[in-house]
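For reference, the chains in residue letters:
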Amino acid sequence: MRASILSRRAVLAGTAAAAALTAVPVPQSGRAYGAEATAPAYRWRTAVIGGTGFVTGVLFHPSVRGLAYARTDIGGAYRWDDRAARWTPLTDHLGWDDWNLLGVEAMAVDPAHPDRLYLALGTYTQPSSGNGAVLRSDDRGATWKRTDLTVKLGANEDGRGAGERLLVDPRDSDTLWLGTRHDGLLKSTDRGASWAAATGFPATPSATGQGVTLLVAAGRALYAGWGDADGSAGAANLYRTTDGTTWEAVPGQPSGTAARVPIRAAYDRHTRELYVSYADAPGPNGQSDGSVHKLRTTDGTWTDVTPVKPGGTTSDGSADTFGYGGVAVDARCPGTVVVSTNNRWAAVDTLFRTTDGGRTWTSLKDTAVFDVSETPFLKWGGDKPKFGWWIQAVGIDPYDSKHVVYGTGATLYGTSDLKRWAPQIRGLEETAVRQLISPPVGEAHLISGLGDIGVMYHERLTASPSRGMATNPVFGSATGLAQAAARPAYAVRAGWGDNGNGAYSNDGGKTWAPFKGQPTIAKDAPGPIATNADGSVLLWSFVHWDGTKYPAHRSADNGATWTEISSFPKGATPVADPADPTLFYAYDTDTGTLYASTDSGLSFTARATGLPSGDSQFKVAAAPGRSGDLWLSAKENGLYRSTDGGATFSKIDSCWASYTLGFGKAAEGARYPAVYQVGSTGTGTAVHRSDDEAKTWVRINDDRHQWGWTGEVIAGDPRIHGRVYLATNGRGIQYGDPV
């Protein structure tokens, strides 16, 4: 969402999902390192944008009116508070060492025990990622007990919209089942406290397959979808058990490309029919065929009830290829079902609804009226929002047949009349944040650069930015954002886009115009950008998503023309001196060398050498209002400071690790800005503030507010002492204020 991490938009464009978080380390365990001052009380809130990420699952509780849960691929799980009409985050307590658990692979509730909730956590299955875990709660997620698994889960990998892979056995509330990708079917007989491989399950897992894609109860029988069959006749992808011990392939199940991978399933208890959605790939990308079938469980009869078969062409001649995703049954009305298409880019995805068991279907998109005024970014720079994409989570309220919700790659839409739709997203924030600026003047106290949704101007922190995404041009993921220190009305941004990759603003980021020219490499490798103190010079660095580094370029005419700077270290992040417009800095993380320019970026020469190297996430920050006052965050190598423009650096002995650092308004009576960092001063990684130039630190977050990995960027507010803005990798922008 992450300077060196792929966004969902980048994955959507065809990059490899498995590489998405390889740059995020498994941090070292904490160690004792000096004393920490008494922590002040802080109030933490989330800057409102509204969703912004892939909602991979939504689950209405079958026994409690108004109770629902949602899961996301990298941003944790949420509980719906019906009285407040907002989502409550349930996994913000997961800290730095548990960053891989912010992805929720599956969730389950117990119909017989309404307060029980179970989550299966684990974002990636690659070797560098940690094992998964199961959280279990007796109070709807207010508190948790945790069991660490010996296997890995993949909540942000292909197939993340399938499920649910976790199920409470309807015959015994103490028995739970968990479908894994590479380790088969697991079973717990003590409410998730311990797990073992389920005996008798016939499918054989592999190190690269999808494994169990879904688990669903149909009466007292359990069904398990299998994602690794090839679609041929006789290659089973749906299994059943009636005693919890012996499993069999379900007879007569559909085969062929359109039914290769079972995605979702839902049981109509009135008609005793099981509806299953299929696709030719696990999704959310890469699907081109699919179908919907129902099984009459009383006699084993299968019926193809596919609303529209993929294929053919649209009015503009595009191929109308897609799969099927979500499926939900109406608990109040027999034969009423809603299913979603997925990966239907030509004709745009939709929901189909039937009231007669699949004999006829109606497309809800055809009559949909959207109101996205609460989250204007959903127009994506256009006149109106799309119905959605990556629709694999669908739910029907068991107490209100017309209350239907569905998740997309950016939000969760809901309706109460099957016609008027609006985001049902308050409290759910899933942005992966890349850049933060807190301007010293102007209406907004915050401008953000984000994964997937570009740049936003936050005129209020309690409402989604009224301008939506920055336009002219629209970006997917932002890669650079900077403001001229002595001329804050001037700002620049860079990012992935189809109509230009750089832009400037003369009104502090409210409106933008594209650079009149850009280097050729900018389209394929837009990287970080900087402007000098008076806004007269731009430096733009270029790094491809695969890590390839290219020469930086310089412009002295507001981006109209660009010249390559051969002496600038390739791939480095340019840093402007906030007081002297002739000075720029760049840290070569490959060699551990600080480079500086004294001629407004025309040339760079090496200054300090022998500093920590080998990690592209080492960062240099320049203290505001001062020339040559530089701070180097070098992760577990510590924190360093230079007061001579990078000629020499001294190690700060008040902390042993620093991941990102920023500045804010000085404390009353202090002569130096407040310093904020994500780092380690004692036994763990946390958010800290110093009001005495890093001589001492206070921790300002707490164990309930940790948000996984937070090492990308932190920024203090230059107008409000104590206010700090923190980037997360899937929980949006957190901001804290002293109580």
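Look a little higher up for the structure.
Cut-offs and rules
Along each chain, residue indices are assigned from 1 in the same order as the chain's sequence is written. Totals for whole chains, interfaces and linings use all residues, but because this is a predicted model, local features are given only for residues with pLDDT of at least 70 and pairs of side-chain atoms are given and counted only at 80 or more. Side-chain figures throughout are based on the complete set of non-hydrogen atoms in the structure, without hydrogens or water. Note: two strands are recorded as paired if DSSP finds a minimum of 2 bridges between them. Each helix corresponds to a stretch of at least 4 residues labelled H or I by DSSP, and each strand to a stretch of at least 2 residues labelled E; elements are numbered beginning at the N terminus. Fitting a line to C-alpha atoms yields each axis, with helices limited to the stretch in contact; the angle taken between N-to-C directions then spans 0 to 180 degrees. Throughout, exposure labels follow a simple rule: accessible area from a 1.4 Å probe, protein chains only, divided by the maximum for the residue type, with under 20% read as buried, over 50% as exposed, and the rest as partly exposed. Contacts are assigned to residue pairs that have any heavy atoms within 4.5 Å of one another. We define a nonpolar core as any set of buried Ala, Val, Leu, Ile, Met, Phe, Trp, Tyr and Cys residues linked to one another through side-chain atoms lying within 4.5 Å.

A. Spatial organisation of the sheet that holds strand β17 (residues 248-249). An order of β14-β15-β16-β17 is seen for the four strands of this open sheet, with the pairing classed as antiparallel. In this open sheet, the two strands that pair with only one neighbour each are β14 (212-218) and β17. Two strands pair when backbone bridges link them, and strand β16 (residues 238-241) and β17 are joined in this way by two bridges, in the antiparallel orientation. By the bridge assignment for β17, Y239 is matched with A249.

B. The sheet that holds strand β8 (residues 133-137), seen in detail. Ordered by their spatial adjacency, four strands build an open sheet running β6-β7-β8-β9, and the pairing between neighbours is antiparallel. Two strands lie at the open edges of the sheet, namely β6 (104-110) and β9 (145-148), each paired on one side alone. Strand-to-strand twist of the sheet, defined as the mean angle between neighbouring strand axes without regard to direction, takes the value 15°. By the bridge criterion, four bridges tie β8 to β9 in an arrangement that is antiparallel. Looking across to β9, one finds that V134 is bridged to T147.

C. Spatial organisation of the environment of Y69. Mapped onto the elements of the fold, Y69 is located in strand β3 (residues 68-72). In this structure Y69 comes out as buried when scored by relative accessible area, which is 1%. Put simply, Y69 and E164 are 95 residues apart on the chain and 12 Å apart in space, counted from C-alpha to C-alpha. Once you skip the residues sitting within four places of it in the chain, Y69 turns out to touch G57, V58, L59, Y78, R79, W87, L90, M107, V109, L117 and R140.

D. Examining the nonpolar core more closely. Residues L351, F377, W380, Y406, L436, I453 and I733 are the most contacted members of the largest nonpolar core, which totals 37 residues. Listed by contribution, the elements that provide at least two residues to this core are β27 (393-396), β28 (404-407), β31 (433-437), β32 (446-450), β55 (724-727) and β56 (733-738). Once residues lying within four places of it in the same chain are set aside, the contact partners of Y406 are L351, F370, F387, I391, A393, V394, T411, L412, Y413 and W421. Counting 21 residues, the second-largest nonpolar core is a separate cluster that includes W96, Y659, I700 and W709.

Fair warning: the whole summary comes from geometry, so function is off the table for now.
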